[in-house]
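If you want the building blocks of each chain, they are given just below.
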Amino acid sequence: MFCGTFGGCMTRGRCPLIVTLAVLLLPPLLAAQRIDTTAINRYVRAELERQRIPGLSLAVLSGDRILVSRGYGFANVELRVSASDSTVYQSGSMGKQFTAALVEMLVGQGRLRLDDPIVRWFPEGASVWQGITVRHLLTHTSGIAEYTDSTFDYRKDYTEDELVKFAASRPLDFKPGERWSYSNTGYVLLGALIRRVSGRFYGDLLRDSVFKPLGMNDSRIISEADIVPNRADGYRLADGVLKNQEWVAPMLNTTADGALYITVRDLAKWAIALNHGRVPSQAALDTAWTPVRLNDGATYPYGFGWAIFNQRGHPRISHTGSWQGFKTVIARYPDSHLTVIVLANLAEAQVGAIAYGIAGMLDTTLAAPHLATWTGAQPPAAIPSLLRDIVANPDSARITPRFKQFLSPDLTDWYRGLTASSRQWTFAGCDAVGQAGIAYLGTQIAYICHARSARASGGGTVVSVLYASDWRAAGIEGYSY
């Protein structure tokens, strides 16, 4: 399965890495007192130039200690305003974790339950949403159709109730709990649910319950009308030319699927609060960071507003965001006690790859597959061949039955694009993860193998294949770099 929030994986104690970027040919940066932040700065500046990112802000934490908190490039290109750690970006879907935290706080107060049917609060959906619970909305397993498709008018100021009715007018894509499919609609509904349960707009409740208590003074709901100090402008590339972000109706920037203003300085405070289970509680975080269990007992690596994947066999709890010329990511590495936060003001920016690369600089056991090559086992069939087999005939491909059931037209199209003749492939290596206890769609994973599919125009995609012990593929993840 593919989602931009996920990536690759490995075990401890592997053979030495042969790193392909000179910036990573440094002594291991494992102890906070030995960290050379100039290497990180050099890497980030190189990525800004390579990806043509106007501005970027970065925060890196080792436990509660902030190692890096600064900006690069420009928050506003026209006025030549420099980015800093107080530059305000739009969160995109990274903001879903805050919506999920609010829901869990309401659960903790006894005002709703995770397994409550949502039709209790949404009579508009009584004819189509039977069997859907609050948990299904949080984990993208409800089957509710995505509202952001070709029928949706981004220039219309829908009210919250109109968005609920719009979502309720469409049939389900699948039975609740049957599979996983990323759904902005589900989180829009969670925002409406918060209002119907608490009587308050989710943004106001978020301000009073999370942002104020944690001192996140620059974080708030998006408002283009208000005067917002240090607000960045969002950009996009159109035929290689930098353009301003496209306009959307103001009400669409108030929904709970990721319509927040945020800074890396505030997100560092959030990360420290998460370290101590302050907001929400540790019990709530443990639930949010547990992979969702589907109807057939198989698990998928997503919790409540967080992707629960791994990087080189070590857990990575993360989420990305993309909206109106902004790209964002927060990635937490519990084994290394690291948090990496990257916010950028370009729609095409690959901030996930930047964060994963920085994590690998700080802990070499996390070395990101788009930057590293290593020795070890190889799959019986090359990864491009596996992708071609899946596209041509899934029944003949060496994949697990559960993975075959999860294949969708979108996934197949993604695989087809990766196998285009213009792509150049480089095998990165395989990680033996049999002792790590990693399960994917009901299969215990023994190996995770990685390959880079480069584009002639620059950049590319990392493809990570999760294999059972008999080398059948149980799933495929990836990220762009």
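Residues numbered from 1 in each chain as written. Predicted model: local features only at pLDDT ≥ 70, side-chain atom pairs only at ≥ 80, totals over all residues. Heavy atoms only, no water.

### Structural notes on the overall build of the protein
Here is step 1 of the chain: Scanning the protein from N- to C-terminus turns up 12 helices and 22 strands.
Here is step 2 of the chain: Computed over C-alpha atoms, the radius of gyration of the protein comes to 21 Å, within 12% of the 23 Å expected from 2.2 N^0.38 for 481 residues, which places it in the range of a compact globule.
Here is step 3 of the chain: A principal-axis box enclosing the C-alpha atoms of the protein has dimensions of 60 × 55 × 45 Å.
Here is step 4 of the chain: Going through the 481 residues of the protein one by one, you find that 59% of them count as buried. (Helix = DSSP H or I, 4+ residues; strand = E, 2+ residues; numbered from the N terminus. Rg over C-alpha atoms; globule rule 2.2 N^0.38 Å. Buried < 20%, exposed > 50% of the residue type's maximum accessible area, 1.4 Å probe, protein only.)

### Observations concerning the confidence of the model for the protein
Low pLDDT means the predicted coordinates in that region are not meant to be read closely.
Here is step 1 of the chain: Predicted confidence across the protein gives a mean pLDDT of 92, with 93% of residues reaching 70 or more.
Here is step 2 of the chain: The element-level mean pLDDT for the protein is lowest in strand 1 (residues 18-19), coming to 32, with strand 15 (residues 338-344) highest at 99.
Here is step 3 of the chain: Residue range residues 1-33 is modelled with pLDDT below 50. Its contacts to residues more than four positions away, or to other chains, number 122 contacts. (pLDDT = per-residue confidence, 0-100. Contact = heavy atoms within 4.5 Å.)

### A word on the state of the cysteines
Here is step 1 of the chain: For the coordinates displayed, the defined rule picks out one disulfide.
Here is step 2 of the chain: Sulfur-sulfur distance for the disulfide between C430 and C449 comes to 1.9 Å. Sign of the S-S torsion, about 105 degrees for the bond between C430 and C449, identifies this disulfide as right-handed. Of the two residues, C430 sits in strand 17 (residues 424-432) while C449 sits in strand 20 (residues 447-454), which places them 19 residues apart along the sequence. (Disulfide = S-S within 2.5 Å.)

### Brief notes about the pairing of strand 14 (residues 326-333)
Residues in a regular strand point their side chains to alternate faces of the sheet.
Here is step 1 of the chain: Strand 14 sits mainly inside the fold: eight of its eight residues count as buried.
Here is step 2 of the chain: Burial of the side chains of strand 14 extends over both faces: F326, T328, I330 and R332 are buried on one face and K327, V329, A331 and Y333 on the other.
Here is step 3 of the chain: Pairing of strand 13 (residues 314-323) with strand 14, which is carried by seven bridges, proceeds in the antiparallel orientation. What sits directly across from I317, in strand 14, is R332.
Here is step 4 of the chain: In this structure, the hairpin formed by strand 13 and strand 14 is closed by a connection of two residues, where Q324 is found at a positive phi of approximately 50 degrees. (Pairing = 2+ DSSP bridges.)

### Observations regarding the nonpolar core
Here is step 1 of the chain: In terms of nonpolar packing, the biggest core is built from 83 residues, with F98, W129, L138, Y202, W270 and W306 touching the most fellow members.
Here is step 2 of the chain: Judged by nonpolar contacts, the second largest core, of 38 residues, contains Y43, I53, L338 and M361. (Core = buried A, V, L, I, M, F, W, Y, C linked by side-chain atoms within 4.5 Å.)

### Brief notes about helix 5 (residues 184-198)
Here is step 1 of the chain: Between its first and last C-alpha atoms helix 5 spans 21 Å; for 15 residues at 1.5 Å apiece the expected length is 21 Å, and the two agree.
Here is step 2 of the chain: When you tally the buried positions in helix 5, you get 13 out of 15 residues, the bulk of the element.
Here is step 3 of the chain: Note on helix 5: the residue one or two positions beyond its end, G199, has a positive phi of about 80 degrees. (Expected span 1.5 Å × (residues − 1).)

### Regarding the packing of helix 4 (residues 160-168) against helix 5
The relative placement of two packed helices is expressed as an angle between their axes plus a distance between the axes.
Here is step 1 of the chain: Remark: helix 4 packs on helix 5, axes separated minimally by 10 Å, with the N-to-C direction vectors making an angle of 130 degrees. Here helix 4 lies oblique to helix 5, going by the angle between them. Where helix 4 crosses over helix 5, the handedness of that crossing is left-handed. Together, E160, D161, L163, V164 and A167 of helix 4 and T185, V188, L189, G191, A192, R195 and R196 of helix 5 make up the contact between the two elements.
Here is step 2 of the chain: Within the contact of helix 4 with helix 5, the residues separate by chemical class into six nonpolar, two polar and four charged. (Axes fitted to C-alpha atoms, helices over the stretch in contact; angles between N-to-C directions. Parallel < 35°, antiparallel > 145°, perpendicular 65-115°, else oblique. Left-handed = near helix turned anticlockwise from the far one by under 90°. Nonpolar A, V, L, I, M, F, W, Y, C, P; charged D, E, K, R; others polar.)

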